[in-house]
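Understanding the architecture of this molecule
These are the residues of each chain, in order.
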Amino acid sequence: MTITAERRVTEASVEDLAGVFNDVNGAVGAARRAFVAFSECSMAQRRAFVDAVREAASQQDRLEYMASAAVEETAMGNADHKVLKNLYAATRTPGVEDLVMEARQGDDGLTTLEYAPYGVIGAITPTTNPTETIICNTIGMLSAGNTVVFSPHPRARHLSAWLVDVLNRAMMAAGAPANLITLVANPTPETTTQLLNHPDIAMLVATGGPQIVNMVLSSGKKAIGAGSGNPPVVVDETANIAKAAADIVQGASFDNNLPCTAEKEMIVVAEVLPEFMAELQANGAQVISDRDDLAKLRSLLLDPSGTKPATAWVGQDAQKILRAAGITPEQDTRLITMVTDPLDPFVQVEMLMPVVPVVPATDYLAAIDLAVEVEHGNRHTAIMHSQDVSRLDLMARRIQTTIFVKNGPSFAGIGINGEGFVTFTIAGPTGEGLTSARSFARRRRCVLDPH
Ligand code: NAD
């Protein structure tokens, strides 16, 4: 295998790519036929196909290619961090073993609760984790016995087509039917609508912003919505301040803050603010306090309405942002921060940039209240640094997020350097939480009557 050869494949016509189709009907029809063939396969075969996906996606040269090609095509993110994200997606997303059958045995017989596939899943993937989501969804959805039609973000379509081709070929080499995963080569709002309404699509899974999540939830079909967040991190006066600052800089600068789970605003009990700011700086955060510099940053990073991020700066490197704003970056800057008030758009809006503000709070209760407010009911992710277990418990109960990280970097919550399985589809709105194979399966009760 050489990436150069595969790169040429992506530049070839769509017809040469395994599983890549120009039109929705072609992609769904092929995945539907693949589903019929896949239904005949044994669990051992299913496992072998999923193993082939893991093995194909975790080869070092492919990991490096996916990372650099994602940065190139989407013009966002950090290639080194994307290598790690793809590796975790390939190796730590649960497979067939996630489908643990429940059984009841008694005088009236044996009843099993099994997992059955939905059929063909339409999966819409984001620009922020383009390959990670395809790898993760392929492993989970196929493990549950489904086949998948992917609709990638237009800004990641070439790389997504390359990956679907690579994964299909790897599975076919392991004996799989063709087209277990397919992809719509040129996604547009029209093709998305067609996919959502296609009679052969049994389930929809949207990983992305509120618009696409609302679209799949209004489709009338079984849908999983994995939407946006605005994760607050609270630091109280009992916290290990040095560790909290180090963890936050790591989490908030990871892949240039593109992960939906990354710390997006810091809420710090005022008593420890000076110490915390010093520790942030010591860990590579550049604190901007000059009014003119702040004004330059705002005008660069917010769109003209002042309420949304300027798309061109989403997922960009901190030093590049500073230079563009006319501010000299320090040598090791990987995060930009400023002390501000709660109404600042940098606090209120999911910016997806390594620009993460600090808001002081009078005490831990005020900090938790503010965190709940700025999370905006997304129920996505929150983080707290505190040595007081009752406060950690209080924030977890008040904020009710799908992921709650205590005394660690945000990425621990999706299983990167944290216990637990890995996922790149976190379904807060529809409640599946961190999705895995069983999230993509129907429950079936099988009853054996002994009488
Ligand atoms: P996005 O919403 O712009 O796009 C996501 C997908 O939906 C893309 O494939 C896009 O083409 C499609 N899409 C969006 N609007 C559409 C429309 N009107 N018609 C047709 N298709 C449409 O999001 P993005 O910029 O790619 O990703 C970033 C967002 O996704 C952030 O809000 C982030 O928080 C969220 N996200 C959530 C998770 C999660 O697991 N919860 C994971 C990654 C990203």
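Residues numbered from 1 in each chain as written. Predicted model: local features only at pLDDT ≥ 70, side-chain atom pairs only at ≥ 80, totals over all residues. Heavy atoms only, no water.

- As recorded in an unreviewed UniProt entry, the protein goes by the name Aldehyde dehydrogenase EutE, listed as coming from Cutibacterium equinum.

**Description of the site of the ligand**
- Around the ligand, the surrounding shell holds 28 residues, and the nearest of these are Thr125, Thr127, Gly209, Glu350 and Ile426.
- In this structure, an oxygen atom belonging to the ligand sits 2.7 Å away from a main-chain N or O atom of Ile426.
- Relative to its free-state accessible area of 830 Å², the ligand is covered by the protein chains to the extent of 85%.
- Sorting the residues of the shell around the ligand by element identifies helix H8 (189-197) and helix H9 (210-217) as the ones contributing at least two each.
- Ranked by the residues each element gives to the shell around the ligand, the list is headed by H9, at three residues. (Near = heavy atom within 4 Å. Polar contact = N/O pair within 3.5 Å; in protein donor to acceptor, adjacent residues only side chain to side chain. Areas by Shrake-Rupley, 256 points an atom, 1.4 Å probe, with all protein chains shown as cover. Helix = DSSP H or I, 4+ residues; strand = E, 2+ residues; numbered from the N terminus.)

**Structural notes on the domain arrangement of the protein**
- Under the domain assignment used here, the protein contains domain 1 (3-227 + 431-448) and domain 2 (232-417).
- Taking only C-alpha atoms into account, the centre of domain 1 sits 32 Å from that of domain 2.
- Each side of the interface is counted separately: domain 1 has 15 residues, and domain 2 has 18 residues.
- Each partner contributes to the roughly 1300 Å² buried at the junction of domain 1 and domain 2, and carbon and sulfur atoms together form 60% of this total.
- Counting every contact that joins domain 1 to domain 2 gives two salt bridges.
- A salt bridge links Asp255 to Lys82, with the shortest nitrogen-to-oxygen separation between them at 3.0 Å.
- For the pair domain 1 and domain 2, the interface holds nine residue pairs in polar contact (both at pLDDT 80 or more).
- Those elements that provide at least two residues to the side of domain 1 that touches domain 2 are helix H5 (79-92) and strand E17 (433-434).
- Among the elements that make up the side of domain 1 that touches domain 2, the one with the highest residue count is H5 (six residues).
- Of the residues that constitute the side of domain 1 that touches domain 2, the class distribution is five nonpolar, six polar and four charged. (Domains from an automatic or database assignment. Contact = heavy atoms within 4.5 Å. Buried area = accessible area lost by both parts, 1.4 Å probe. Salt bridge = Lys/Arg side-chain N within 4 Å of Asp/Glu carboxyl O. Nonpolar A, V, L, I, M, F, W, Y, C, P; charged D, E, K, R; others polar.)

**Thoughts on the nonpolar core**
- Grouped together as the largest cluster of nonpolar side chains are 87 residues, with contacts concentrated most on Val235, Met266, Phe276 and Leu280.
- At nine residues, the largest contribution of residues to this core is made by helix H7 (residues 157-173).
- Beyond its immediate stretch of four places on either side in the chain, Leu280 contacts Ala245, Val249, Met266, Ala285, Thr337 and Val358. (Core = buried A, V, L, I, M, F, W, Y, C linked by side-chain atoms within 4.5 Å. Buried < 20%, exposed > 50% of the residue type's maximum accessible area, 1.4 Å probe, protein only.)

**Focus: the UniProt feature "domain: Aldehyde dehydrogenase" (unreviewed entry) in the protein**
- As recorded in UniProt, the sites labelled "domain: Aldehyde dehydrogenase" (unreviewed entry) are residues 22-409.
- Taken end to end, residues 22-409 comprises 45% helix and 17% strand; its first and last C-alpha atoms sit 41 Å apart. (UniProt positions renumbered as here; feature names shortened; annotations may be inferred.)

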